[in-house]
Amino acid sequence: MTMQQPLWWQSGIIYQIYPRSFMDSNGDGIGDLRGIRSRLDYLEWLGVDAVWLSPIYPSPMADFGYDVSNYVDIDPQFGSLSDFDALLADVHRRGMKLVLDFVPNHSSDQHPWFQESRRSRDNPKSDWYIWRDPAPDGGPPNNWLSNFGGSGWTYDEARQQYYYHAFLKEQPDLNWRNSEVQDAMLEQMRFWLERGVDGFRVDVIWHLIKDEDFRNNPENPDYRPDAGSHKRLLATYTTDRPEVHDVIRKMRQLLDSYDERMMVGEIYLPVERLVTYYGAGGDGVHLPFNFQLILLPWQAETIRQAVDHYEAALPPHGWPNWVLGNHDNHRLASRFGTEHSRIAAMLLLTLRGTPTLYYGDEIGMIDVTIRPEQVQDPFEKNIPGLGLGRDPERTPMQWDGSANAGFTSGTSWLPVAPDYRTTNVAVQQEDPSSVLTLYRELIQLRRREAALSVGRYRSFCTPPGVLGYMREWGNRRLLVLLNFQPCEQRIDLEMLGGEILLSSHPGRHEREVKEHCLLRPHEGLIIALQETETP
Ligand code: GLC
Ligand code: CA
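Residues numbered from 1 in each chain as written. Chains lettered and ligands numbered in written order. Predicted model: local features only at pLDDT ≥ 70, side-chain atom pairs only at ≥ 80, totals over all residues. Heavy atoms only, no water.

Would you take a moment to explain the overall build of the protein for this structure?
When you go through the protein residue by residue, the secondary structure sums to 16 helices and 19 strands. On C-alpha atoms alone, the protein measures out to a radius of gyration of 24 Å, which is about the 24 Å that the 2.2 N^0.38 rule sets for 535 residues. Dimensions of the protein, computed from C-alpha atoms along their principal axes, come out at roughly 75 × 50 × 45 Å. Here the protein holds 535 residues, and 61% of them are scored as buried. (Helix = DSSP H or I, 4+ residues; strand = E, 2+ residues; numbered from the N terminus. Rg over C-alpha atoms; globule rule 2.2 N^0.38 Å. Buried < 20%, exposed > 50% of the residue type's maximum accessible area, 1.4 Å probe, protein only.)

Next comes the structure, spelled out in structure tokens:
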């Protein structure tokens, strides 16, 4: 892999859209493809390179699109195939890429394949899902749990058997050990590749293969009931099975038969396991999502160790990536406190590796309180009251100060944030000190500076509470300093003077730094160091 000519998914920035909540074009309160198309000017202005859409396929919406009843069409709520083609053409015309969410682990129970599979034990698709006889006592075949609460097994009267579902009972798991399933699913991917999509975000890819012997999962020694009963067992025999890599290899081969298509895998695993999904070089996913910034406590020292550890664990062919937010986790400003939003932005956009940005984080959207009668997410309905629900981070994009934040002319499917009159795109575009302006400046800087987009990473020694690192490309050396503390911090640069390229906070006027610099509370700086004569 030569960094002289990085590929688009290496130097680029991915922007995740949750289609239900981005922009509604027809007043039904649900975002759609025409809505997204009408907002491409904004994405181009922001400067992102690729757009990933959460699922837009026909779906009964038991899990809001992650229950697919037809992999090769568009749900009427979102539009039609011709709307999709128009969107894709517009995205490409602007020099951007489009990535679809592919959901191979499970279909909807309304998918014709499952309808057929459940009819009898001997129909042609009887083995396309994971069917097992009841245990001798008539109960489920083993102890496997659903990630959304309760047993992972549901009994079916017609077959007098149980089927396995890692998520809702409306989301039966496909049997990826069956070669017909593999072929059929690869065909579904091909459909979109032929249409011109630039890649896939592959949903729960580490779940695809389950233990052949259906062994019981072990107890989780660290289980705490307030984490939710779905965490009671370790997912030893239901996820991260060695044979999953054979399946991924086939997906990769398909992608590689086209030009520069990309696959990013959703994988929640410790770093040592995560990096195995790069494969042996050319046969894994291009990017296994790295969720450490979502999962770790927000402390400078913890993050420094995590970055260094991740950098060291990457295989030689593995290109890094970082994610700060998504549709399954609370908004970053709510996780860390709004005072951390700015250094979080600077961190995401200056680390080495492809950044993925979740819609709305760039204007500092926070979790919206969802009243019990407003709850939509099945996770919250199944395991209520523990804060597991994902509605708070899925609320409508805040475009402007008009009714419903300019998202819809109707009634939005989830409530709009109460602060939308002040926190919105239109207001922040005009405000040089806004979070949105900072994101845009960071994106522009990343584009200008090869050191940031493709340069080397090196940790830099700083006082406690400050995270520091260098990004280097040729003679160009950029120092990033992020103050996680609510107090000033003095950083000694010794012989390293330089020029401040960007501060996360408005009101810093001096540009030159000499032997030391003072970081204001929660401030982040990017400093271009003077080129030294002798190294
Ligand atoms: C992934 C998705 C999540 C969904 C689940 C089941 O984790 O990101 O939103 O509920 O898979 O498909
Ligand atoms: Ca709509």
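That shown, we press on.
Is there a simple way to explain the sheet that holds strand β4 (residues 131-132) in this structure?
Hydrogen bonds along the backbone pair up the strands of a sheet, which may run parallel or antiparallel. The three strands are arranged β4-β6-β5 in an open sheet whose pairing can be described as antiparallel. Of all the strands in the sheet, the pair left with one neighbour each is β4 and β5 (153-156). Pairing analysis gives two bridges linking β4 to strand β6 (residues 161-164), with the strands arranged antiparallel. Note that in β6 the partner of tryptophan 131 across the bridge is tyrosine 163. (Pairing = 2+ DSSP bridges.)

I would appreciate a short explanation of the domain arrangement of the protein in the present structure.
As assigned here, the protein comprises domain 1 (8-105 + 179-443) and domain 2 (457-529). Just the C-alpha atoms count here: the centres of domain 1 and domain 2 sit 31 Å apart. Contact with domain 1, which involves 21 residues of that partner, is made by 24 residues of domain 2. Interface area, domain 1 with domain 2, both sides summed: about 1900 Å², of which 69% is carbon and sulfur. Together, Arg304, Ile343 and Met346 form the three largest contributors to the area buried by domain 1 at its contact with domain 2, with a combined 32%. Connecting domain 1 to domain 2 are zero salt bridges. Applying the counting rule to domain 1 against domain 2 returns eight residue pairs in polar contact (both at pLDDT 80 or more). (Domains from an automatic or database assignment. Contact = heavy atoms within 4.5 Å. Buried area = accessible area lost by both parts, 1.4 Å probe. Salt bridge = Lys/Arg side-chain N within 4 Å of Asp/Glu carboxyl O. Polar contact = N/O pair within 3.5 Å; in protein donor to acceptor, adjacent residues only side chain to side chain.)

In this structure, what is going on with unusual backbone geometry? I would like to understand it.
Backbone geometry at methionine 61 places phi at a positive 65°, although glycine is not the residue there. We classify methionine 61 as buried; its relative accessible area is 11%. One non-glycine residue, valine 204, lies in positive phi territory at about 30°. Among the secondary structure elements, valine 204 is positioned in the loop between β7 (199-202) and α7 (244-256).

Looking at this structure, how should I read the site of ligand 1?
Of all residues adjacent to ligand 1, which total 14 residues, the nearest are Asp63, His106, Asp203, Glu266 and Asp328. Taking histidine 327, its side chain carries an N or O atom lying 2.8 Å from an oxygen atom of ligand 1. Protein chains bury 96% of the 300 Å² of accessible surface belonging to ligand 1 in isolation. Taken together, the residues that form the shell around ligand 1 break down as four nonpolar, three polar and seven charged. (Near = heavy atom within 4 Å. Areas by Shrake-Rupley, 256 points an atom, 1.4 Å probe, with all protein chains shown as cover. Nonpolar A, V, L, I, M, F, W, Y, C, P; charged D, E, K, R; others polar.)

Which parts of the structure should I look at to understand the sheet that holds strand β17 (residues 512-513)?
Overall, antiparallel pairing links the six strands, which are arranged β12-β13-β14-β19-β16-β17 in an open sheet. Edge strands, defined here as strands with exactly one partner in the open sheet, are β12 (456-459) and β17. Direction of pairing for strand β13 (residues 466-473) relative to strand β14 (residues 476-483): antiparallel, over a ladder of eight bridges. Each residue of the ladder has a partner; that of leucine 467, found in β14, is leucine 482.

Is there a simple way to think about the nonpolar core in this case?
A general trend in soluble globular proteins is that nonpolar side chains are found buried together. By size, the foremost hydrophobic cluster in this structure holds 136 residues, and its most contacted members are Tyr15, Phe22, Leu43, Leu53, Phe84, Phe200 and Met397. Each of domain 1 (8-105 + 179-443) and domain 2 (457-529) contributes no fewer than three residues to this core. With near-sequence residues (within four places) excluded, leucine 43 lies in contact with Tyr15, Ile17, Phe22, Val48, Val51 and Met96. (Core = buried A, V, L, I, M, F, W, Y, C linked by side-chain atoms within 4.5 Å.)

I'm lost on the side chain of threonine 354 in this one. Help?
Summarising the element assignment, threonine 354 is placed in strand β11 (residues 354-358). For threonine 354, the side chain forms a polar contact with the main-chain oxygen of tryptophan 9, separated by 2.6 Å. Within polar-contact distance, the side chain of threonine 354 engages the backbone oxygen of glutamine 10 at 3.4 Å. The residues touching threonine 354, leaving out its near neighbours within four places in the chain, are Trp9, Gln10, Gly12, Ile14, Leu287, Trp319, Pro320, Asn321 and Trp322.

Could you clarify how one ought to interpret the pairing of strand β16 (residues 498-503) in this entry?
Successive residues of a regular strand alternate their side chains across the two faces of the sheet. Bridge count between β16 and β17: two bridges; the pairing is antiparallel. Residue pairing across strands places glycine 498 opposite valine 513, the latter belonging to β17. Alignment of β16 against strand β19 (residues 524-529), held across five bridges, turns out to be antiparallel. Across the sheet, residue glycine 498 finds its bridge partner in β19, namely leucine 529.

Honestly, the packing of aromatic side chains in this entry has me stumped. Any pointers?
To describe a pair of aromatic rings, one takes the distance between the centres and the angle between the planes. Counted according to the given criterion, the structure contains 36 aromatic pairs. For the ring pair phenylalanine 148 and phenylalanine 167, a centre distance of 5.2 Å and an interplane angle of 65° mean the geometry is edge-to-face. Here phenylalanine 167 lies in the loop between β6 and α6 (179-195) and phenylalanine 148 lies in the loop between β4 and β5, a separation of 19 residues in the sequence. Across the pair, phenylalanine 167 and phenylalanine 148 agree in class, each one buried. Cluster of aromatic residues (ring-pair linked, three or more members): Tyr57, Tyr71, Phe84, Phe102, Trp113, Trp128, Phe191, Trp192 and Phe200. In this arrangement the basic side chain of arginine 20 is found over the ring face of tryptophan 413, its NZ or CZ atom lying 4.3 Å from the centre. In this structure, arginine 39 is placed above the aromatic ring of tryptophan 399, and the distance from its NZ or CZ to the ring centre is 4.0 Å. (Phe/Tyr/Trp six-rings, centres within 6.5 Å; stacked < 30°, edge-to-face > 60°. Lys NZ or Arg CZ within 6 Å of the ring centre and 35° of its normal.)

Just to check I follow, could you spell out the coordination of the calcium ion (ligand 2) for this structure?
Six octahedral donors around a metal ideally subtend angles of 90 or 180 degrees, whereas four tetrahedral donors ideally subtend 109.5 degrees. The protein atoms that coordinate the calcium ion (ligand 2) are Asp24 (OD), Asn26 (OD1), Asp28 (OD), Ile30 (O) and Asp32 (OD), at distances spanning 2.3 to 2.4 Å. Read from N- to C-terminus, the donor residues coordinating the calcium ion (ligand 2) fall into the pattern D-x1-N-x1-D-x1-I-x1-D. Note on asparagine 26: relative accessible area 52%, which makes it exposed. (Donors = N, O, S within 2.8 Å, 3.2 Å for Na, K, Ca; no water.)

Sorry if this is basic, but what is going on with the packing of α6 against α7 here?
Describing two packed helices takes the angle between their axes plus the distance from one axis to the other. Where α6 contacts α7, the two axes come as close as 10 Å, and the packing angle between them is 30°. One way to sum up the angle between α6 and α7 is to call them roughly parallel. Along this stretch, α6 crosses α7, giving a crossing that reads as right-handed. Between α6, through Gln182, Leu186, Met189, Arg190 and Leu193, and α7, the contact on the second element is made entirely by Val247, Lys250, Met251, Leu254 and Leu255. (Axes fitted to C-alpha atoms, helices over the stretch in contact; angles between N-to-C directions. Parallel < 35°, antiparallel > 145°, perpendicular 65-115°, else oblique. Left-handed = near helix turned anticlockwise from the far one by under 90°.)

For this particular structure, what's the right way to read helix α10 (residues 300-313)?
Spanning 14 residues, α10 covers 20 Å between terminal C-alpha atoms, matching the ideal 20 Å at 1.5 Å per step. Within α10, the full set of buried residues consists of Ala300, Ile303, Arg304, Ala306, Val307, Tyr310 and Glu311. For α10, the buried positions fall inside an angular range of 165° around the axis, keeping them on one side. For α10, the elements touching its buried residues are α8 (271-274), α9 (292-295), β10 (321-323), α12 (341-350), β12 and β13. (Expected span 1.5 Å × (residues − 1). Arc of directions from axis to C-beta.)

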